[in-house]
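# Report on the structure
Residues per chain are reported as follows:
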Amino acid sequence: MEKKMINKAISFILSIFFATFLMLTQAQAGDTIKLGILEDETGNFSIAVIPKIHAYELAVKEINEAGGVLGKQLEIVRYDTQSDNTRFQEFARRLIKKDKVDVIFGGFSSASREAIRPIMDKNNQLYFYNNQYEGGVCDSNVFVTGAVPEQQFSTLVTWMMEKYGKNVYTIAADYNFGQISAEWVRQIVKENGGTMVGEEFIPLSVSQYSQTIQKIQKAKPDVLMTLLVGAKQASFYEQQAAAGLGIPMATSVNVGQAYEHRRFQPPALENMYVTVNYIEEVHEVIKSGKFHDKSKDFVARFRALYPNEPYINMESANAYNAINLYVKAVKKAGSVDMVKVRRALETGISFDGPSGVVKIDPKSHHGSHTIFLVHVDKGHEVKIPKIWENIEPYWLGEAGCDLSKKDDYSQYTPSNPPKQ
Amino acid sequence: MVLLFNIIFQVSDAISFLLLSAIGLAVIFGMMRIINLAHGEFITVGAYGTVVTAKMGLPLPMAMACGVLVTIIFGFILERLIIRYIYGRPLDSVVATWGISLIVSQSFLIIFGPSIEGLKSPLGSFQMGDYSFSEYRILLIFISFLILVLLYFLFMKSRFGTLARATIEKPITSSALGVDVQKVYTITFCIGAGLAGLTGALYIPTMTCVPSLGQAFIVSAFVSVVTAGASPFIGLVPAAAFLGSFQTGITFFYHATIGLIGLLFAVIMIIRFLPSGFSGLIKKGK
Amino acid sequence: MSEVILNINKIKKTFGGFTAVKDVDLKVNKGEIRFIIGPNGAGKSTLFKLIIGYLKADYGDVIFKEENLNKFELHQRIKKGIGLKFQAPSVFNEMTVLQNLEIAANQTNLNDYNDFIDRFGILEEKNILAGDLSHGKKQWLDIALASISNPDLVLLDEPTAGLSFDETKKTGEIIKYLNKQGTTFLIVEHDMEILKQIATAVSVLHLGALFVEGSPQSVLKNKDVAKIYLGAS
Amino acid sequence: MKNSYFIKNKFQTMTFLVLAMIPLFVDSYYVNNISFFMLWTFIALSLSLIWGKGGILSFGQAAFFGLAGYSFGVIGINFSGVFGVGIWSVLIALIITGIFGLIVGYFLFYGGIYDVFVGIVTLSITLVFETFMSQTAGPEWTVGIARLNGFNGMQGMPSIGVNLFGYNFEALDNKGYYVILALAVFVIYFLDKLANSKFGLVLSASKEDRLRVESLGYNVKRVHMITFAISAVLAGLSGILYTNWGGFITPESMGLVSAALPVVYCAASGKNNFFAVFLGTILLVWISQELAINGRQFALVFMGLLLVVATRYFPDGMFLYFINQISKFSKKLSRN
Amino acid sequence: MGLNNILEIKNIISGYGTTNVINNISFGINESSILAISGRNGVGKSTLLKTIIGIVESKSGNIFFMNKNITKNRPTERSILGIGYVPQGRDIFNSLTVEENISLPAISRRMKNLKNELEKIYSVFPILKEKRNDLGGSLSGGQQQQLAIARSLIFNPKVLLLDEPSEGIQPSIVSSIAEKIHNIAIELKTAFVIVEQNISFISKLSCDCFIIDKGVISSKISSKDFSDVDKARKALSLEL
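Numbers given to residues run from 1 along each chain, matching the order in which its sequence is written. Chain letters and ligand numbers both follow the written order, the letters beginning at A and the numbers at 1. Owing to the predicted nature of the model, reporting of local features is limited to residues with pLDDT of at least 70; listing and counting of side-chain atom pairs is limited to 80 or more, with chain, interface and lining totals taken over all residues. Neither water nor hydrogens contribute to the side-chain values; these are computed over all heavy atoms in the structure.

### Considering the overall build of chain D
Going by this rule: Runs of H or I in DSSP of at least four residues are treated as helices and runs of E of at least two as strands, each being numbered from the N terminus. We call a residue buried when its accessible area falls under 20% of the maximum for its residue type, exposed when it is over 50%, and partly exposed in between, using a 1.4 Å probe and counting protein chains only. Throughout, a residue-residue contact means that at least one pair of heavy atoms, one from each residue, lies within 4.5 Å.
A tally of helices and strands in chain D yields 15 helices and six strands. For the C-alpha atoms alone, the extent of chain D along its principal axes is close to 65 × 55 × 45 Å. Here chain D, with 336 residues, has 63% of them falling under the buried criterion. In chain D, once contacts between residues fewer than 6 apart in sequence are set aside, the share between residues at least 24 apart is 74%.

### Quick look at the side chain of A:Glu346
Residues and elements named next belong to chain A. Mapped onto the fold, Glu346 is located in the loop between α13 (338–345) and β12 (350–353). On the basis of relative accessibility, which here comes to 10%, the residue Glu346 falls in the buried class. The contact partners of Glu346, leaving out residues within four places of it in the chain, are Pro362, His365, Leu403 and Ser404.

### Focus: the interface of chain D and chain A
By a frequent convention, interface size equals the accessible area lost on bringing the separate parts together. Here is the rule: One speaks of a salt bridge when a side-chain nitrogen belonging to Lys or Arg is within 4 Å of a carboxyl oxygen belonging to Asp or Glu. Two N or O atoms form a polar contact when they lie within 3.5 Å of each other; inside protein one atom must be a possible hydrogen donor and the other a possible acceptor, and for residues adjacent in sequence the pair counts only when both atoms belong to side chains. Gly falls in the polar group here, along with every residue not listed as nonpolar (Ala, Val, Leu, Ile, Met, Phe, Trp, Tyr, Cys, Pro) or charged (Asp, Glu, Lys, Arg).
Chain D puts 46 residues into the contact, and the matching count from chain A is 46 residues. Between the two partners, chain D and chain A, sit zero salt bridges. The tally of links between chain D and chain A comes to 17 residue pairs in polar contact (both at pLDDT 80 or more). Taken together, the elements giving at least two residues each to the side of chain D that touches chain A come down to α3 (28–39), α7 (116–134), α11 (220–246), α13 (274–295), α14 (299–313) and α15 (318–335) of chain D. A per-element tally of the side of chain D that touches chain A places α13(D) first, with eight residues. The residue inventory of the side of chain D that touches chain A, partitioned by class, reads 24 nonpolar, 17 polar and five charged.

### Here we look at the interface of chain D and chain C
Put simply, the rule is: Accessible area, probed at 1.4 Å, shrinks when two parts are joined; the buried area is that loss added up over both.
Taken residue by residue, the interface counts 18 residues in chain D and 25 residues in chain C. Summed over both sides, the interface of chain D with chain C buries roughly 1,900 Å², with 61% coming from carbon and sulfur. Between the two partners, chain D and chain C, sit two salt bridges. Residues D:Arg212 and C:Asp142 are paired through a salt bridge, measuring 2.6 Å at the closest nitrogen-oxygen approach. Connecting chain D to chain C are 10 residue pairs in polar contact (both at pLDDT 80 or more). Residue assignment for the side of chain D that touches chain C shows that the elements contributing at least two residues are α9 (198–208) and α10 (210–214) of chain D. By residue number, the principal contributor to the side of chain D that touches chain C is α9(D), which donates six residues. A per-class count over the side of chain D that touches chain C returns seven nonpolar, five polar and six charged.

### Focus: the packing of aromatic side chains
As a reminder, the rule being used: A pair of Phe, Tyr and Trp rings is counted when the ring centres sit within 6.5 Å of each other, with Trp represented by its six-membered ring. The angle between the planes then sorts it: under 30 degrees is stacked, over 60 is edge-to-face, the rest tilted. Counted as over-ring charges are cases with an Arg CZ or a Lys NZ within 6 Å of the ring centre that also lie within 35 degrees of the ring normal.
Summed over all chains, the structure comprises 66 aromatic pairs over all chains. With a centroid separation of 5.9 Å and an interplanar angle of 90°, the aromatic rings of B:Tyr152 and B:Phe153 are classed as edge-to-face. What makes B:Tyr152 partly exposed here is its relative accessible area of 36%. Since its relative accessible area comes to 45%, B:Phe153 is described here as partly exposed. Feature note: the residues A:Tyr278, A:Phe298, A:Phe302, A:Tyr306, A:Tyr320 and A:Phe351 constitute an aromatic cluster, connected by ring pairs. The side chain of C:Lys79 reaches across the aromatic face of D:Tyr218, ending 5.2 Å from its centre. Sitting over the ring of B:Tyr85, D:Arg312 keeps its end group 3.3 Å from the ring centre.

What follows is the structure, given as structure tokens:
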């Protein structure tokens, strides 16, 4: 009996020591440029984030093989934030205070970005957020390489209304991303003379949609905007297909992030339109020309390193672009000093990436994009009926955000714009 | 007519979701007082078992049976390794089952990746007035009530049911009458696990197949079982019926968020004013 | 005529169709040690629960010190000056004897209570867990809990259940001592030894109703009482 | 003096002294990180009080955590710049949380809700908070000038602190560390005193036998209600410190996971012993962070295994077991 | 006492926690015989029965059943071997019907032709047949007592332990139960160990009777002596 207890005690103490040991044996840094990366390798968002992590690694590997930058190699310091906002905060501090990184990349959900933004601002830490999101972040320390609503919706909603009709119904996740995106949709529909025949916001925890489907059928819209987020809400597509809803759908989130068209059994996403700034199929759908070549080249290099990647999504292109933009700016600044790099980034720096040129807007710190309209058909085959080149992130600049002139640390929305 | 059918469909759809969410938990928590926070993961196991075997080429009903079987085996192993040591410690069961749920969902992520290709809802859809309906969902409604009836017979009319109810009411007296109490517990737990697996198997064709899919059921499951009261098989149907119609009604007049909040409020009020749950109400009525 | 401290007025309780207590009238005078006896199922425990308010009567009043207790909850009734001990010793097993007493006492500082504790024969054990006490000492501790705050009336349900002869005798002495200090007792009992030792009045219940009342001697001599009590038909 | 609290609990006092010296030896990152570990101890202690001592399992601590965090934020943002806002916003937030705890406690215990039903009602309350706060993204959801900002969380609140004669004291970094440590010492001392007071005895006694306590003249419902409110305040303290630490609070703090975590900390540590809960919580938060850093995808598997092993083999709590072993061992040493 | 005793208790000590309730008790009982055990409240009578069936573990001593040492066996195993037990308060399963209550031990033993066995039981206790579909909790005290005995008889135990069978039962029914016990002992060759306080009930059993006090057997008399109320009072120190 006694012995049993002692064994237990020993095994427990050993496990604590094991953890401590692991902590202490972490590699010590040499003379490198340190890139901190905070991404959700595990947890709810990992599905869309893992290709993104691999894209960072690809970019770093390529740059290091080409001799690094300013004679230094790039070094990644990465933590798994477990799709947990508190972990983002813990590790953002760790990157800044302990690892003393030169720049931080990462964040998937808007909440995780907002969780670490105050920490970045407090420490004047240069930070790249490389995700499509609801837009509006006007922050001196933050650069965004993902697409924003003015890029995804001004194209998508207008096109859909022209093709299918002016009655639009929105279902959206009931939190910031969904609400703000829906606001954009509402505004664009109104500007184009359309009508919102319905709008429903759905908590993230809801996975059953029978009632929502009936409500949509009652309203008889021409276009259904589905701004749904997360695995639970993604169940909507299967359920609407099973119920035979049959209304053309449009969104800014699916396909380009979590490749639902590959994961779901057809015809769950039948007749869905998405605006993305990149997806893996670009070079397969577009048979020739610059977009074909760039994408083909990118995918080949990516797959050489990660042959088993299930899908190369638009956020991996954004991540790849971000590292390259940063390196270009460091070269231009001739230093990793964060203020100098920021100023270099504000000179209208650009990078010719997997989907064409991404140019940083000095006013808003957001990137311009090529926007592809992706159509998913009955068999989940992908078509690209329309390409918009060089779409600017115009809204923040027009609304009065000019970070090259005046520091700011806020997030704005159309209904809550910067004070002029 | 169409409207009436529509209302009946919506309400019974919501009720059957609550019923199927709760059914495995009703056995494990309702009868054995194990607060099983890993209930969602049991559902996940059933769902993955179904999807994986279906992808290997088994027809869907067979694959679903496999999913259930896998969950039963999974439940059996857990009972042997962990659960049997925490009978009679309902509050500690929170911690152990929480641990189990972390292990399972993360293991699924490691083994199967963040998502696997799901299944398509079988059967088709049909039109009625402005509305169209999924035939599979209507089948689900019938299946959920059928399972409940079968379960009623299993626990109320079968020989095993007699043993199980006796053991759960008075374990010591039962053992003194020759009932192998430990075995009854193990089997009951496996039935609960199997039912959770069945829920996963039945719902997975309508859902995204991710390791966290079981979490979608857990809140509905707990609120239904607790408001059902001490005799879950008597109380579950009225509890689910009340909560389901209440939520559907509020969602209909307002929207889904208010519907969810309303559901939780209803639970709070039911526990406050009906402390013995719906089964207590029914017994009183008798 | 001595002062009536507890007056139970035509009290009735039914469970479903079964009448456990029917129209019982009972008076306890100040300074008495009154026993309630009766065979199993006579309604003793139910009456006890009605007095303390743990069960709600169908009708009837419980009047304590000329105040009707009907609208008061258990803890409020106790505060009016009643001490109480349930049938099985229900001391707090995971606490020390002293902590048990601290809960029951009005004061926190129990230094002055050593004498009192000693009366119950648990002074030496005052720092051990109540759960480790012998059955007899648990019973005494339980009585001590009921009486430490100097209540006017103490209700005891089977204070000698499971005690040996010596322990029973000692229990009687304890009750007698407390009675001399001015505490009135109402005791539900099976045991005749202690009744003979200390009772000043006896009420006999049978089938939920008051069967006979009187001095211990008169009740003990009553042949009918012997019959019902022994189950002899 | 010989019997004073701090001398009686030698191991505990030593631990506090060691913790007090840590900032002298390590750099600010580690100090900050330990502050982070310690700020969770209050919510765990709050549950230790109501569950460990009172026998009532609540999943509502996360709701109080969030309520206090948001209240602190709202007051701070609205009165930013007003003298001492960094102090009295804490007090007001705690009062709000305490009053809410009192109301919930009244509703529960005077309504006769006990056992597992308390767990479900409090869980429902927590989830109502989460669902409601998640949808407050729009500009219409402002209290004064403070945007609640939905799921993305509220930020921009001033930190705990005070500006005195030009000297700016902010409870961050080392100063924050000592504020939290001092609070922890005080709270554990207070809880130990409370547990050994008559009130605490009555509370523990009612865990064993509610009826017997009532039969000794106590209003058990009131005792539970007050305890519940005290525990709400403690959980709120964690919420405020968390909000202060990150300058940020989101509805995620009131989700299912957040509701279960304090239960896990308590049960694995030894819910009956405040110091064990304090130490256990720190170690568990630390271990889980280390696992996230080093365990990669196995982090959560290890964490799960730890919990299963803890309940399977240490029914009274793992850390309590080790603390007892250590004090036994040291007694042996001092005897030799 | 000897090897032909079907149940043999040797130097049993048992109790709860640190307290001993049974202090060294030994006795044996033959097939088909009845043994009454009496004594005042709380002297350890129920604990003795619980120790024999195994719900309370004995701290020392041995229990032999059909010459097999069963001291270490679990209650389930002892029951399967052939010891029946009717606890005090009878512990009827309230949520089971009368028939389910009776069938329970048969089901757990996988007994075949349950129907026949039930009929046998119903012929002994006709009232139970009448109420076979009612819930156990709805029966009156006397009916519950019959049910509790019936529940243990269905598997033909060699020994049946009864704890206070007369408690809460009308005097008229008490005598009919005593009669039934006699018939069962003779017809089914079942031995009975009966803990009882009701003097008239014991006197009707006409068997040996042990008086227990302070956890030991203090005296041994014939139950016939209980028909003399005065003798009974003395034996039980219930002198009025």
